[in-house]
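Listed here are the chains, written in short residue letters.
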Amino acid sequence: MGIHGLKTPSRQHRQKLSRVQTKGDFGVQAFAVEHKLNALSAASNATLAEAILLQRMTMRILNMRHIEALARDRMMAGIPSIDPVDGAAVVGCFCYRVSPDVGFHQGVDLGASYGETVRATAAGTVATADWDGGFGQKVDIDHGNGYHTWYAHLSRIDVGVGDRVVKGQPIALVGSTGFSTGPHLHYQVMLNGTPIDPEPYLAGVPPKVLAALP
Ligand SMILES: [Zn+2]
């Protein structure tokens, strides 16, 4: 880029210029000014290119963060984190017991009345919704990431295999079907095929599970 738009020097100015020229360094000065302008122009072009690059990088980072946040929300929705029967107390622990039968009780029993609403404790897809031996009428929901929840001894099932459910959605009613001594909900949480203690998952995602999320 050269020097553009220079005004024609005034008479007085011309005299000054000619004196400078006489000294023989005007050409050198003009060259130096032009050189400086070129350098400034190149620098500003470089700055603009850098600014555009920075802007693109920022957009990319913001998009990545947005996608990460969406993925995290999706994972959170699929982790059991509510009481399947509103306000129900744990009346049977995830523990070894001798009554009503001897063995390790692989879920918790929640005290509830006949006909109370049973809710999906996380978003997922209904894997089974049928009679299952001692569990009586049972619903199994697949939440992804290895989590399944089981709801047993139901009096009524309101979902079918393949149904998509959201967290908190009513899926069934409390009952006493199968091997049961009275109305209650047997609630079981499975992780990668192994029963885990549901109690830490009744009132929110357990802190250690939260900490392990990406
Ligand atoms: Zn039980």
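Here, the structure is the one placed above.
Remember, it's a predicted structure, so these values are computed and weren't measured experimentally.

Here we look at the coordination of the zinc ion
Item 1. The zinc ion binds to the protein through H105 (NE2), D109 (OD) and H186 (ND1), with metal-donor distances spanning 2.0 to 2.1 Å.
Item 2. Spacing between the donor residues of the zinc ion along their common chain follows H-x3-D-x76-H. Pair noted here: H105 is in the loop between β3 (103-104) and β4 (108-111) and H186 is in strand β12 (residues 184-191), with a separation of 81 residues, a long-range link. Here H105 matches H186 in class, with each residue buried.

Remarks on the state of the cysteines
Item 1. Within this structure, the stated rule accounts for 1 disulfide.
Item 2. Two residues share a disulfide in this structure: C93 and C95, whose sulfurs sit 1.7 Å from each other. On the S-S bond that ties C93 to C95, the torsion sits near 55°, and the link is right-handed.

Focus: the pairing of strand β11 (residues 170-173)
Item 1. Pairing of strand β5 (residues 117-119) with β11 involves 3 bridges; the strand directions are antiparallel. Bridged to V118 within β11 is A172.
Item 2. Looking at chain direction, strand β9 (residues 156-157) and β11 are connected through 2 bridges and run antiparallel. In the strand pairing of β11, R156 is matched with L173.

Details of the packing of aromatic side chains
A ring pair, where both rings are aromatic, is described by two values, the distance of the centres and the angle of the planes.
Item 1. Applying the stated criterion to the full structure yields 4 aromatic pairs.
Item 2. Here F94 and F104 contribute two aromatic rings whose centre-to-centre distance is 5.0 Å and whose plane-to-plane angle is 85°, an arrangement assigned as edge-to-face. Of this pair, F94 sits in the loop between β1 (90-92) and β2 (96-97) while F104 sits in strand β3; the two residues are 10 residues apart in sequence, bridging distant segments of the chain.
Item 3. Taking the relative accessible area as the measure of exposure, F94 reaches 22% and is therefore partly exposed.
Item 4. For F104, a relative accessible area of 45% puts it in the partly exposed group.
Item 5. When the centroid spacing of 5.5 Å and the interplanar angle of 40° are considered together, the rings of Y151 and Y187 count as tilted. Of this pair, Y151 sits in strand β8 (residues 147-154) while Y187 sits in strand β12, placing them 36 residues apart in sequence.
Item 6. With a relative accessible area of 0%, Y187 lands in the buried category.
Item 7. The lysine or arginine in question, K138, covers the ring of W150, its NZ or CZ lying 3.6 Å from the ring centre.

Quick word on the side chain of H186
Item 1. For H186, a relative accessible area of 4% gives the class buried.
Item 2. Separated by 3.2 Å, the side chains of H186 and H105 make a polar contact.
Item 3. Setting aside its immediate chain neighbours within four residues, H186 contacts H105, G107, V108, D109, F135, W150, Y151, A152 and H153.

How each quantity is defined
- Residues numbered from 1 in each chain as written.
- Predicted model: local features only at pLDDT ≥ 70, side-chain atom pairs only at ≥ 80, totals over all residues.
- Heavy atoms only, no water.
- Donors = N, O, S within 2.8 Å, 3.2 Å for Na, K, Ca; no water.
- Helix = DSSP H or I, 4+ residues; strand = E, 2+ residues; numbered from the N terminus.
- Buried < 20%, exposed > 50% of the residue type's maximum accessible area, 1.4 Å probe, protein only.
- Disulfide = S-S within 2.5 Å.
- Pairing = 2+ DSSP bridges.
- Phe/Tyr/Trp six-rings, centres within 6.5 Å; stacked < 30°, edge-to-face > 60°.
- Lys NZ or Arg CZ within 6 Å of the ring centre and 35° of its normal.
- Polar contact = N/O pair within 3.5 Å; in protein donor to acceptor, adjacent residues only side chain to side chain.
- Contact = heavy atoms within 4.5 Å.

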